[in-house]
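Tertiary structure, described
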Amino acid sequence: IKVYGLPAIAPARIGVAPYETATDPDGFISQYVYNWGDGSQPLVSSNGYEEHEYTAPGNYQIKITAIDNFGGRAEKTGLVSISENQKPIAGLRVY
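Residues numbered from 1 in each chain as written. Predicted model: local features only at pLDDT ≥ 70, side-chain atom pairs only at ≥ 80, totals over all residues. Heavy atoms only, no water.

Things to note about the overall build of the chain
As a reminder, the rule being used: Counting from the N terminus, the helices are the DSSP runs of H or I reaching at least four residues and the strands are the DSSP runs of E reaching at least two. Buried residues are those whose accessible area, probed at 1.4 Å on protein chains only, stays under 20% of the maximum for their type, while exposed residues exceed 50% and partly exposed ones sit between those limits. Contact definition: two residues touch when any of their heavy atoms are within 4.5 Å.
Counting secondary structure elements, the chain contains zero helices and eight strands. Sequence-ordered secondary structure for the chain, helices as α and strands as β, is β-β-β-β-β-β-β-β. Within the span of the chain, comprising 95 residues, buried residues form 27% of the whole. Sequence-distant contacts in the chain: of pairs separated by 6 or more residues, those separated by 24 or more amount to 52%.

Section: the confidence of the model for the chain
As a reminder of what qualifies: A residue's pLDDT is simply how confident the predictor is in it, with values from 0 to 100.
Mean pLDDT over the chain works out to 84, with 88% of the residues at or above the 70 mark. Per-element averaging of pLDDT across the chain places strand β1 (residues 2-4) at the bottom with 66 and strand β5 (residues 43-45) at the top with 93.

Brief notes about the environment of Phe28
Along the chain, Phe28 turns up in the loop between β3 (12-17) and β4 (29-35). Placed 39 residues apart in sequence, Phe28 and Ile67 show a C-alpha to C-alpha distance of 8.6 Å. Excluding its chain neighbours within four sequence positions, the residues that come into contact with Phe28 are Ile67, Asp68 and Asn69.

Comments concerning the packing of aromatic side chains
Spelled out, the test is: Aromatic rings from Phe, Tyr and Trp, taking only the six-membered ring of Trp, are treated as a pair when their centres fall within 6.5 Å; an angle between ring planes under 30 degrees marks them as stacked, one over 60 as edge-to-face, and anything in between as tilted.
Across all of its chains, the model carries three aromatic pairs by this definition. Judged by centre distance (6.3 Å) and plane angle (40 degrees), the rings of Tyr32 and Tyr34 are tilted. With relative accessibility at 8%, the residue Tyr32 sits in the buried group. Ring-pair connections join several aromatic residues into one group, and the members of that group are Tyr32, Tyr34 and Trp36.

A short note on the sheet that holds strand β2 (residues 8-9)
Each strand in a sheet pairs with its neighbour through backbone hydrogen bonds, running either in the same direction (parallel) or in the opposite one (antiparallel). This is how the line gets drawn: Criterion used throughout: strands pair if DSSP finds at least two bridges between them.
Spatially, five strands are ordered β2-β8-β7-β4-β5 in an open sheet, and the strand pairing comes out mixed. With one partner strand each, in any of the chains shown, β2 and β5 form the two edges of the open sheet.

Focus: the side chain of Thr65
Here Thr65 shows up in strand β7 (residues 58-68). Its relative accessible area of 4% is what places Thr65 among the buried residues. In this structure Thr65 touches Gln31, Tyr32, Val33, Arg73, Ala74 and Glu75, once residues within four positions along its chain are discounted.

Points about the nonpolar core
The line we're drawing: Only buried residues count toward a nonpolar core. Its members are Ala, Val, Leu, Ile, Met, Phe, Trp, Tyr and Cys residues joined through side-chain atoms within 4.5 Å.
By size, the foremost hydrophobic cluster in this structure holds 15 residues, and its most contacted members are Ile14, Val16, Tyr34, Tyr54, Ile62, Val80 and Ile82. Mapped by element, the contributors of at least two residues to this core are β3, β4, β7 and β8 (73-83). The greatest single-element share of this core, amounting to four residues, is contributed by β7.

In structure tokens, the structure reads:
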């Protein structure tokens, strides 16, 4: 899995795609199922690239399932870490 938009700070919108294009030697990939690992509903798509917004910091296990035109399946997983926003550090110098 290839993840775009990292490093990310919550809320964060990231893009996810299979690292290499999914192929099928006896047909074609008809759909992808994206499971974002954050409790949201899986996304079923014919696109090999989708985006998702994480609203809270944490480590999330992403799973992509490629499904071919005969119902065959292949899965890949990846881990994405979303950081918490850190407060800026203010400086003050009085003369």
